[in-house]
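Overview (structure and organization)
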Amino acid sequence: MYLGWLGLAATCNLSLEGEEKELPKQMKYSYECLDSAVSGSETSKAIRNATSVIRNLAVKQKDITDSIQNEWGMAFHKDAIETKTFILMKDETISAQLQEGLNDLLAVRENPSKINYSIYLLNDSAINAFTFGGHIYLTKAMYDKCKDNTDLLYSIIGHEIGHSEKGHIRKTIQEMMIAENIFGEDKSASAYQVLRLLTGAFNQRNELEADYYGIDLAYQLGKNVCSTVTFWSEMSKKENQYSKLEDLFRTHPFSQLRAKCLQNHLKTNFQKSCTGS
């Protein structure tokens, strides 16, 4: 969903640029590259377990079906437009290109959900992309990053698809349903409130899982998946130096750590080394 509020021109060409490929039969997904403070410590495990127990007392994630996610996504989108939380950019050429990219990625999913997907371009100067209930949003600043790099754009759209396909959005809807159970039903929850929940809904493992998912989809479409490693390597130059303490409280991995995790994934599963990243 969120790319960490860090992170992509109308000249982008989203047609396939390479031959389609099949994923290796034995894919390995490792999260060991994430700092133990956030991914493996006994304290963090205990917190996750306790939170899961509390959530399951109120609303079980398995009860949040694809149909329910579609309903919440439509309500969120309607509110975001009516309240002008989002200002959509209506450029038919760009919209057609984004839709083509989305369709390409959705077509190569394994065991696809029944979530209804759509994609929008937002008039916003922040480099960002996010999703809720099948609705994917890219800011103009994010889109501009792909001016000469559609390989990267495919991975980023795939990342947002991954948040839905891997069940991460269920957690946000679960939190909202729990709030309704505790504080009373409120059908007027604003798009802004949903965005605030989305900001803290994911953890570093979720983000990396969505990264892996997006890269795997892009790889199948013959895209240069090293572009994502390069992107996060470049983003790391704008961040603070790595801090284990700060990492403990981050919902998104440090960019340099993210690049390392993705490089490991590509080397392990695709025997691909991204030089210069």
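Residues numbered from 1 in each chain as written. Predicted model: local features only at pLDDT ≥ 70, side-chain atom pairs only at ≥ 80, totals over all residues. Heavy atoms only, no water.

1. Quick notes on the sheet that holds strand 1 (residues 118-122)
Defined as follows: What makes two strands pair is DSSP finding at least two bridges between them. By the criteria applied, helices consist of DSSP H or I runs no shorter than four residues and strands consist of E runs no shorter than two, each listed in order from the N terminus. For helices, the axis comes from a line fit to the C-alpha atoms of the stretch in contact; other axes are also lines fit to C-alpha atoms, and the angle between any two N-to-C directions lies between 0 and 180 degrees. The contact rule is simple, with two residues in contact once any of their heavy atoms fall within 4.5 Å.
An order of 1-3-2 is seen for the three strands of this open sheet, with the pairing classed as mixed. Edge positions in the open sheet fall to strand 1 and strand 2 (129-132), since each of these has one partner strand only. Pairs of neighbouring strands in the sheet enclose a mean axial angle of 20°, with direction left out of account. On top of the sheet, helix 3 (residues 66-82) reaches strand 1, strand 2 and strand 3 (135-139); it is set at about 40° to strand 3, its chief contact. Lying over the sheet, helix 6 (residues 150-165) contacts strand 1, strand 2 and strand 3, oriented at roughly 30° with respect to strand 2.

2. Structural notes on the nonpolar core
Here is the rule: Buried Ala, Val, Leu, Ile, Met, Phe, Trp, Tyr and Cys residues form a nonpolar core when they are joined through side-chain atoms within 4.5 Å. Using a 1.4 Å probe on the protein chains alone, a residue whose accessible area is under 20% of its type maximum counts as buried, one over 50% counts as exposed, and one in between counts as partly exposed.
Of all hydrophobic cores here, the largest spans 48 residues; its most connected members are L98, L138, I157 and I161. Of all the secondary-structure elements, those providing two or more residues to this core are helix 4 (92-107), strand 1, strand 3, helix 5 (140-144), helix 6, helix 9 (204-220), helix 10 (226-236) and helix 12 (255-270). For this core, the element with the highest residue contribution is helix 9, accounting for seven residues. Core analysis: the next-biggest nonpolar cluster, separate from the first, contains 14 residues, F132, Y137, I169 and M177 among them.

3. Some points on helix 4
Where we set the bar: Given the number of residues in a helix, its expected span is that number minus one, multiplied by 1.5 Å. The term polar contact refers here to a pair of N or O atoms within 3.5 Å; inside protein, the definition further demands a hydrogen-donor-capable atom paired with an acceptor-capable atom, and it admits residues adjacent in sequence only when both atoms are side-chain atoms.
Over its 16 residues, helix 4 extends 22 Å from the first C-alpha to the last, a length consistent with the 22 Å expected when each residue adds 1.5 Å. Considered for burial, the residues of helix 4 that qualify are I94, Q97, L98, G101, L102, D104, L105 and L106. In this structure, the buried residues of helix 4 make contact with strand 1, strand 3, helix 5, helix 6 and helix 9. Its side-chain oxygen 3.0 Å from the backbone nitrogen of T93, D91 forms the N-cap of helix 4.

4. Some thoughts on the state of the cysteines
Filter applied, for reference: In plain terms, two cysteine sulfur atoms within 2.5 Å form what is called a disulfide here.
If you walk through the whole model with that rule in mind, you get two disulfides. Sulfur-sulfur distance for the disulfide between C33 and C261 comes to 2.0 Å. Negative torsions about the S-S bond denote left-handed disulfides, and the value of about 120° found for C33 with C261 makes this one right-handed. With C33 in the segment before helix 1 (36-39) and C261 in helix 12, this pair connects stretches of sequence that are 228 residues apart. There is no split in this pair, since C33 and C261 are both buried. For C226, the disulfide goes to C274, at an S-S distance of 2.0 Å. One disulfide, between C226 and C274, carries an S-S torsion of -85° and so falls in the left-handed class. With a gap of 48 residues between them, C226 in helix 10 and C274 in the segment after helix 12 connect regions that are remote in the sequence.

5. Thoughts on the packing of aromatic side chains
Stated formally: We call Phe, Tyr and Trp rings a pair once their centres come within 6.5 Å, taking the six-membered ring for Trp, and we label the pair stacked below 30 degrees between planes, edge-to-face above 60, and tilted otherwise. Throughout this description, the term charge over a ring refers to an Arg CZ or Lys NZ atom that lies within 6 Å of the ring centre and within 35 degrees of the ring normal.
If you walk through the whole model with that rule in mind, you get 11 aromatic pairs. Look at F76 and F132: their rings are 5.1 Å apart centre to centre, the planes differ by 65°, and that puts the pair in the edge-to-face class. Residue F76 is found in helix 3, and its partner F132 is found in strand 2; the two are separated by 56 residues along the sequence. We note that F76, like F132, is buried. A centroid spacing of 6.0 Å and a plane angle of 75° characterise the contact between F76 and Y137, whose relative ring orientation is edge-to-face. Linking F76 in helix 3 with Y137 in strand 3, this pair joins segments that are 61 residues apart in sequence. Accessibility expressed as a relative area gives 3% for F76, which makes it buried. With relative accessibility at 0%, the residue Y137 sits in the buried group. Taken together, the ring pairs connect F76, F86, Y120, F130, F132 and Y137 into an aromatic cluster. The ring of Y31 has R205 lying over it, and the distance from NZ or CZ to the ring centre is 3.8 Å.

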